[in-house]
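Structural characterization, general
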Amino acid sequence: MAATDKELTSTPQGPASVVSQRIADVLRDDILTGQLSPGQRIRQESIAKKVGASRLPVREALRILESEGLVELKANSGAWVSKLDMQECDFVYRVRERIEPLALEESIPRLNAEHHRRLNEIQAEIESNDDVDRFLVLDRELHLLTYSGCEIPQLNSMVDRYWNTTQHYRRAFARLAGADRKWVIIAEHRLLIDAITRYDSVEADRCLVGHIRRTRVELSKHPELFETPPNK
């Protein structure tokens, strides 16, 4: 688990909601960075012992993560990191192809010069970076920033949830694709940012749909990415 566990154990316990949010933050980071894999069991007793908390805030933390699409809570079985099979992943990507352009369309008119500057700054770092884990952090920051002007909470929640549930498979795909496909991502990002800075929602929509669809199609060629290791 992440190094922030030490902070949890040394921080006096406050209200359960505060403690549970801190536990959720640690577990969320572990899931999104791949330290906890899809289909892996999350043992409440071990977490409670490690962070020096009771099981109640741990259960609350797991419910928070369940609402975000990161954890599955199964009756008489416990908590598990959410996983998708290939068909489910394909469906989620098809949904993303529809809802993210809508979020982008709502967002673009509210993005200003500072947002545009930051998008170009993130993209410049993506282009100079060769580390997959760092790329995933930057890629997520870039895309969610493009949606940050959307003021529809329900839509924002769906976007976040589907990004969470597909994070592991983007990581696996990025490692599989390697540097050979990086030029495609760079080109697509640049076209998207250019459309956003020109406030061209139609062109931005076209760029984004193609960007998401390309990953969906590539993932469909690699069923091995959806296999859960036997020890999980």
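Here's a quick rundown of the structure. The structure displayed is predicted, hence computed values, not measured ones. (Residues numbered from 1 in each chain as written. Predicted model: local features only at pLDDT ≥ 70, side-chain atom pairs only at ≥ 80, totals over all residues. Heavy atoms only, no water.)

**Quick look at the sheet that holds strand β2 (residues 71-74)**
Under the convention used in this document: Pairs of strands are assigned from DSSP output, requiring at least two bridges between the strands. In this description a helix means any DSSP run of H or I spanning at least four residues, a strand means any run of E spanning at least two, and both kinds are numbered starting from the N terminus. It only takes one pair of heavy atoms within 4.5 Å for two residues to be counted as in contact. Note on geometry: axes are lines fitted to C-alpha atoms, helical ones only across the stretch in contact, with angles between N-to-C directions running from 0 to 180 degrees.
Taken in spatial order, the 3 strands make up an open sheet running β1-β3-β2, and their pairing is antiparallel. Each having just a single partner strand, β1 (41-42) and β2 make up the two edges of the open sheet. In the sheet, β1 pairs with strand β3 (residues 78-81) via 2 bridges, with the strands oriented antiparallel. What sits directly across from R41, in β3, is W80. Against the sheet, helix α4 (residues 55-67) engages β1, β2 and β3, with an angle of about 120° to β2.

**Description of the packing of aromatic side chains**
For clarity, the threshold we go by: Pairing of aromatic side chains requires ring centres within 6.5 Å, counting the rings of Phe and Tyr and the six-membered ring of Trp. Pairs whose planes differ by under 30 degrees are stacked, by over 60 edge-to-face, and all others tilted. The cut-offs for exposure are 20% and 50% of the maximum accessible area for each residue type, with area from a 1.4 Å probe on protein chains only; residues under the lower value are buried, those over the upper are exposed, and the others partly exposed. Distance and angle both matter: a charge sits over a ring if NZ of Lys or CZ of Arg is within 6 Å of the ring centre and within 35 degrees of the ring normal.
Summed over the entire model, instances satisfying the criterion amount to 1 aromatic pair. Between the aromatic rings of Y169 and F226, the centroid separation amounts to 5.0 Å while the plane-to-plane angle is 20°, which identifies the pairing as stacked. Taken together, the positions of Y169 in helix α8 (residues 153-177) and F226 in the segment after α10 (201-219) put the pair 57 residues apart, joining distant regions of the chain. For Y169, a relative accessible area of 3% gives the class buried. Note on F226: relative accessible area 12%, which makes it buried. Directly above the ring of W80 sits K74, whose terminal nitrogen or CZ lies 5.2 Å from the centroid. Positioned over the ring face of W163 is R96, at 4.8 Å from the centre of the ring.

**Quick look at the nonpolar core**
Basically, it comes down to this: Working definition of a nonpolar core: buried Ala, Val, Leu, Ile, Met, Phe, Trp, Tyr and Cys residues. They are joined through side-chain atoms within 4.5 Å.
In this structure, C89, L104, Y147, L192, I196, A204 and L219 are the most contacted members of the largest nonpolar core, which totals 41 residues. Put simply, the parts of the chain that give this core at least two residues each are α5 (86-107), α6 (113-128), α7 (132-146), α8, α9 (182-197) and α10. The leading source of residues in this core is α8, at 9 residues. In this structure, Y147 is in contact with E100, A103, L104, S107, N156, V159, W163 and L208, ignoring residues within four places of it in sequence. In terms of nonpolar packing, the next biggest core, distinct from the first, is built from 20 residues, V19, I47, L65 and V81 among them.

**What to know about unusual backbone geometry**
One non-glycine residue, Y199, lies in the positive phi region at around 60°. Counting through the fold element by element, Y199 comes out in the loop between α9 and α10.

**Examining the pattern of salt bridges**
How we decide: One speaks of a salt bridge when a side-chain nitrogen belonging to Lys or Arg is within 4 Å of a carboxyl oxygen belonging to Asp or Glu.
Throughout the structure, instances matching the rule amount to 23 salt bridges. Residue E203 is joined to R206 by a salt bridge in which the shortest nitrogen-to-oxygen separation is 2.4 Å. In this pair, E203 and R206 both sit in helix α10, 3 residues apart, roughly one turn of the helix. Put simply, D90, R94, E97, R213 and R216 are held in one network by salt bridges that share partners.

**Here's the deal with the environment of R216**
Given a relative accessible area of 11%, R216 falls into the buried group. Once the C-alpha coordinates of R216 and R170 are considered, the two residues, 46 residues apart in sequence, prove to be 9.6 Å apart.

**Quick notes on α8**
In plain terms, the rule: One less than the residue count of a helix, multiplied by 1.5 Å, gives the span that helix is expected to have. The reported bend at a residue is simply the angle between two axes, fitted to the 7 residues ending at it and to the 7 residues beginning with it.
Taking 1.5 Å per residue as the helical rise, α8 with its 25 residues ought to reach 36 Å, and the 34 Å between its terminal C-alpha atoms agrees with that figure. Remark: the principal bend of α8, roughly 50°, maps to T166. Positive backbone phi, approximately 65°, marks G178, located one or two places after α8.

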